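Chain residues, written in single-letter form:
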Amino acid sequence: MREDIRIVGFLCNWCSYAGADLAGVSRLEYPANLRIIRVMCSSRVDPIFVLKAFKEGADGVLVAGCRLGECHYIEGNFYTRRRFSMLKRILEYVGIEKERLRVEWISSSEGERFRSIIEEMTSEIKKLGKLNLDKYEGN
Amino acid sequence: MKEIEIENELRRVVRRLFLEKRIDIFIGFEDSLNGVRPCFIKSVDEVDRLVWNKFCKNNLALYLLRFDCRVGIVAKGCDEGAIIELIKENQISRENLYIIGIPCNGIYSEDNKIYSVCKTCTRRNPLIADIIIGELVDEKDMTFDDLKEIEDMPIKDRFRFWIREFENCILCYACRNICPLCYCNECYLDRRDLIDLRERNLSDKIFFHLSRAIHLAGRCIECGECERACPMNIKLGKLFRKISKEVWELFEYKPGIGIEDKNPLITFDPKRDEEL
Ligand code: SF4
Ligand code: SF4
Ligand code: SF4
């Protein structure tokens, strides 16, 4: 049984991935619970990707894109916002806390903000505990 | 108009459509051993097979995708809603279609109980039909009070509730196959690396249902076919009505109404989305 919680982060190539990179080169420390997957745009993230991550054992998922209005593809993240506000509501309705899915807009210069978001998210999800969709023991 | 009068009028209209060579096939209902079932009428001699009554529950829009000719169809509110969505999604063309709309007061199961989706239906009257048979009925006010019971549970109880539902799912795919809007030739849910039918894990079942839920957001017209088709009596209606509720509350949008309306999930509006 794994102990640590796992967070899957879908980061867009142009802003939030660059933000994470900046956090890295600035040697900012953040929790090692995050597994990053780089995508070209946050709107490339199909809600199915998020559901699959939960299914395969993620305890939290972060979808991050450029700041609104600064999307490399002009308007990609506006679609992202609608899609995931919908998914969050579906998750909550079936009893999966909405804090487990987080959508953030992080620019390439916000290494420090990236770090604090990951820290906050990790501690929030640690409080919620693991999400094991395969072994529900009915507690 | 009584059911039997509607049925007679329906046969008369369909007979005329065939005689005037305006359709190649007609989709309707016929008697079967345990009630009624969908049928496909191909010529004027078969028209007398057609029936119409409160047990005509199937959403006939499902069958439209099979035909590449001029089709006639009889439609309740929800059938018409599905037809509108299919036209919007470029799956069928309005020109090839002759719609006979029948205002609907709800459909009943074989043991004569009204289906729960019919109690909350707000789309009873034809909107785009070529001809309407029967008198228009009163539309009810929209309400989602039937979801309160689940919504008001503490989140842990809600999780338990849905796990108990999903746990019983045998992944037979009846709900997907019957859904008039689940027509994708290549469906995610057929990928065996995503859903392992040898294992049938709980996580696969949850994935199955939540994937369908998000795919049907802004498209599901609440016909209730998925719930009726389910051999395990899973409360799919309570899942899909919730999707409708959120789409309505977030975007003031209801699918199956206007052919020009755009699904809110394939568009955006920076101003109004600020609250999201
Ligand atoms: S999800 Fe169910 S209620 Fe909605 S359109 Fe499909 S079959 Fe009908
Ligand atoms: S579940 Fe999704 S991919 Fe599969 S048929 Fe329905 S809408 Fe298409
Ligand atoms: S019809 Fe019922 S049992 Fe079959 S896949 Fe759908 S929910 Fe599961």
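Residues numbered from 1 in each chain as written. Chains lettered and ligands numbered in written order. Predicted model: local features only at pLDDT ≥ 70, side-chain atom pairs only at ≥ 80, totals over all residues. Heavy atoms only, no water.

It is worth spelling out the interface of chain B and chain A at this point. Think of interface size as the accessible area that goes away when the parts come together; that is how it is often given. Taken together, the contacts link 44 residues of chain B with 29 residues of chain A. A combined buried area of about 3,600 Å² lies between chain B and chain A, and 69% of that area is made up of carbon and sulfur atoms. The largest share of the area that chain B buries against chain A comes from Phe159, Ile214 and Phe268 of chain B, three residues that together contribute 19% of it. Applying the counting rule to chain B against chain A returns 3 salt bridges. Between Asp204 of chain B and Lys55 of chain A there is a salt bridge, and its shortest N-O distance comes to 2.5 Å. Seen at the junction of chain B and chain A, the total is 13 residue pairs in polar contact (both at pLDDT 80 or more). Per-element accounting of the side of chain B that touches chain A gives the leading share, 10 residues, to helix 7 (residues 202-216) of chain B. Counted by class, the side of chain B that touches chain A contains 27 nonpolar, 5 polar and 12 charged residues. (Contact = heavy atoms within 4.5 Å. Buried area = accessible area lost by both parts, 1.4 Å probe. Salt bridge = Lys/Arg side-chain N within 4 Å of Asp/Glu carboxyl O. Polar contact = N/O pair within 3.5 Å; in protein donor to acceptor, adjacent residues only side chain to side chain. Helix = DSSP H or I, 4+ residues; strand = E, 2+ residues; numbered from the N terminus. Nonpolar A, V, L, I, M, F, W, Y, C, P; charged D, E, K, R; others polar.)

Below, the discussion takes up the side chain of Glu97 of chain A. All names here are of chain A. Secondary-structure assignment places Glu97 in the loop between helix 3 (76-93) and strand 4 (101-105). Judged by its relative accessible area of 11%, Glu97 falls in the buried class. Here the side chain of Glu97 touches Arg100 through a polar contact of 2.9 Å, side chain to side chain. (Buried < 20%, exposed > 50% of the residue type's maximum accessible area, 1.4 Å probe, protein only.)

Let us now look at the pairing of strand 5 (residues 97-101) of chain B. Residue and element names in this part refer to chain B. With 5 of its 5 residues buried, strand 5 lies for the most part within the structure. The two faces of strand 5 match: Leu97, Ile99 and Gly101 on one face and Tyr98 and Ile100 on the other face are all buried. Strand direction decides the pairing type here: strand 4 (residues 71-75) and strand 5, joined by 5 bridges, are parallel. Along strand 5, the bridge assignment pairs Val71 with Leu97. Once the chain exits strand 4 it traverses helix 2 (residues 77-88) before rejoining the sheet at strand 5, and the crossover so formed is right-handed. In the sheet, strand 5 pairs with strand 6 (residues 131-132) via 2 bridges, with the strands oriented parallel. (Pairing = 2+ DSSP bridges. Right-handed = clockwise from strand over helix to strand, strands pointing away.)

Bringing the environment of Trp52 of chain B into the picture now. Residues and elements named next belong to chain B. If you trace the backbone, Trp52 turns up in the loop between strand 3 (50-51) and strand 4. Residue class for Trp52 comes out buried when judged on its relative accessible area of 8%. In this structure the C-alpha to C-alpha distance between Trp52 and Glu3, which are 49 residues apart in sequence, comes to 6.7 Å. Beyond its immediate stretch of four places on either side in the chain, Trp52 contacts Glu3, Ile6, Glu7, Leu10, Phe29, Val74, Lys76 and Ile102.

Our focus in this paragraph is unusual backbone geometry. One can expect most non-glycine residues to show negative phi and most peptide bonds to be in trans. Residue and element names in this part refer to chain B. Of note in this structure, Leu171 is not a glycine but carries a positive phi near 50 degrees. Tracing the backbone shows Leu171 in the loop between helix 5 (155-167) and helix 6 (174-178). The backbone of Tyr173 shows a phi angle near 70 degrees, a positive value even though the residue is not glycine. By the secondary structure assignment, Tyr173 is in the loop between helix 5 and helix 6. Residue Tyr173 is classed as buried on the basis of its relative accessible area of 6%.

Neighbouring residues of ligand 1: Cys179, Pro180, Arg212, Leu216, Cys220, Ile221, Glu222, Cys223, Gly224, Glu225, Cys226 and Phe240 of chain B. Elements with a minimum of two residues in the shell around ligand 1: helix 7 and helix 8 (225-229) of chain B. (Near = heavy atom within 4 Å.)

What follows deals with a nonpolar patch on the surface. Residue and element names in this part refer to chain A. Taken together, the side chains of Trp14, Met40 and Tyr73 present a nonpolar region at the surface, about 300 Å² in accessible area. By the element assignment, Met40 lies in the loop between strand 2 (34-39) and helix 2 (47-55). Take Met40: its relative accessible area is 43%, and that puts it in the partly exposed class. (Patch = residues over 30% accessible without salt bridge, like charges linked within 9 Å, V, L, I, M, F, W, Y side chains within 5 Å. Areas by Shrake-Rupley, 256 points an atom, 1.4 Å probe, with all protein chains shown as cover.)

Residues and elements named next belong to chain A. A sheet is described by the order of its strands in space; here 4 strands give the open sequence 2-1-3-4, paired in parallel fashion. Looking at strand neighbours, the two that pair on one side only are strand 2 and strand 4, the edges of this open sheet. For this sheet, the mean angle separating the axes of adjacent strands, direction not counted, is 20 degrees. Across 5 bridges, strand 3 (residues 60-65) lies against strand 4 in parallel orientation. When the sheet's bridge partners are listed, Leu62 is paired in strand 4 with Arg102. Most of the contacts of helix 3 go to strand 4, to which it runs at about 160 degrees, and overall it touches strand 3 and strand 4. Sheet strands in contact with helix 4 (residues 111-128) are strand 1 (7-12), strand 2, strand 3 and strand 4, and its direction is about 170 degrees off that of strand 4. (Axes fitted to C-alpha atoms, helices over the stretch in contact; angles between N-to-C directions.)

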